[in-house]
Amino acid sequence: MCSSDLWFHKWQQKVEVGRVLELGCGKGLDTGFLQVSADFLVSSDLVTDHVASSRAGNSNGLFLVLEHAKPLPFHSQAFETVVAGLTLHYFDWHTTTDILKELRRVLIDGGVLLARFNSSSDFNHGAGKGELMESGLYRVPRKPASDLRFSGWKKKHFFEETDLRVLFRGWQIEYLQQTRFSYYGNEKVAFELVASTG
């Protein structure tokens, strides 16, 4: 585990009641805490092996292989909270805005999104490196034995605070702060965001 695990501890009250959707559950490092806190948890990831690992370590809840760049297979207003730790910054601007529209659709009125996004200052983890595809979005080589979602190349979006404020127009931003933490042996710089549907 890296020291960024369970980054949302300080937002525990946001996930203590109701139904929670976890996007990008990975191998389940955050899932165990969410299972204890939430009334009902749906954990999802694009990588089948990650979902299997998360399910093996956490017996309760629903585990799905899910591509969140596509319409989500849930009714509107299905969740009180969505948790997305370092999983919403692999897309171009248009796709990201579509994802946020879908998250807003599946959240109840007043529902909350807890998320972290790559910062444009995250130089240890690729900021400013690779082929620039659009403002803040880079096409970079996939590291061996990492990020199985992409073969050969992947996209990584690095955000300024102003970018996130534009993306979340129409949401109620409760917290937006750049933070630093240890991530796979190096310092990582990311924005931590809490936003509600109003």
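Our subject is the structure that appears above.
Rules of the game
Residues numbered from 1 in each chain as written. Predicted model: local features only at pLDDT ≥ 70, side-chain atom pairs only at ≥ 80, totals over all residues. Heavy atoms only, no water. 1 Å grid on protein atoms, 1.4 Å probe; cavity = no way out; pocket = protein on both sides within 12 Å on 5 of 7 lines; lining within 4 Å. Points joined across faces, edges and corners; volume = space filled by probe spheres on them. Helix = DSSP H or I, 4+ residues; strand = E, 2+ residues; numbered from the N terminus. Nonpolar A, V, L, I, M, F, W, Y, C, P; charged D, E, K, R; others polar. Buried < 20%, exposed > 50% of the residue type's maximum accessible area, 1.4 Å probe, protein only. Phe/Tyr/Trp six-rings, centres within 6.5 Å; stacked < 30°, edge-to-face > 60°.

Peer 1: Outline empty space enclosed by the protein, supporting the account with residue identities and numerical values.
Peer 2: Evaluation of the coordinates by the stated rule reveals 1 cavity of 30 Å³ or more. In this structure, the largest cavity is lined by L88, T96, I99, L100 and F117. In terms of residues, the lining of the largest cavity owes the most to one element, helix α4 (residues 93–106), which gives 3 residues. Here the lining of the largest cavity is composed, by residue class, of 4 nonpolar, 1 polar and no charged.

Peer 1: Could you give an account of unusual backbone geometry, naming the residues involved and the relevant values?
Peer 2: Residues other than glycine seldom take positive phi values, yet Q77 does so here, at roughly 55 degrees. For Q77, a relative accessible area of 39% corresponds to the partly exposed category. Look at L86: it is not a glycine, yet its phi comes out positive at around 55 degrees. Relative to the helices and strands, L86 is located in the loop between β4 (79–85) and α4. When its relative accessible area of 9% is taken as the criterion, L86 is described as buried.

Peer 1: Please give an account of the packing of aromatic side chains that cites residues and values.
Peer 2: Per the stated rule, a full pass over the model turns up 7 aromatic pairs. Aromatic side chains Y138 and F158 sit 6.2 Å apart centroid to centroid with 65 degrees between the ring planes, which places their arrangement in the edge-to-face category. One end of the pair, Y138, is in strand β7 (residues 137–141); the other, F158, is in the loop between β8 (153–157) and α5 (161–167), with 20 residues separating them in the sequence. Both residues of the pair, Y138 and F158, belong to the buried class. Taken together through their ring pairs, the aromatic side chains of F117, F159, F168 and W171 make up a single cluster.

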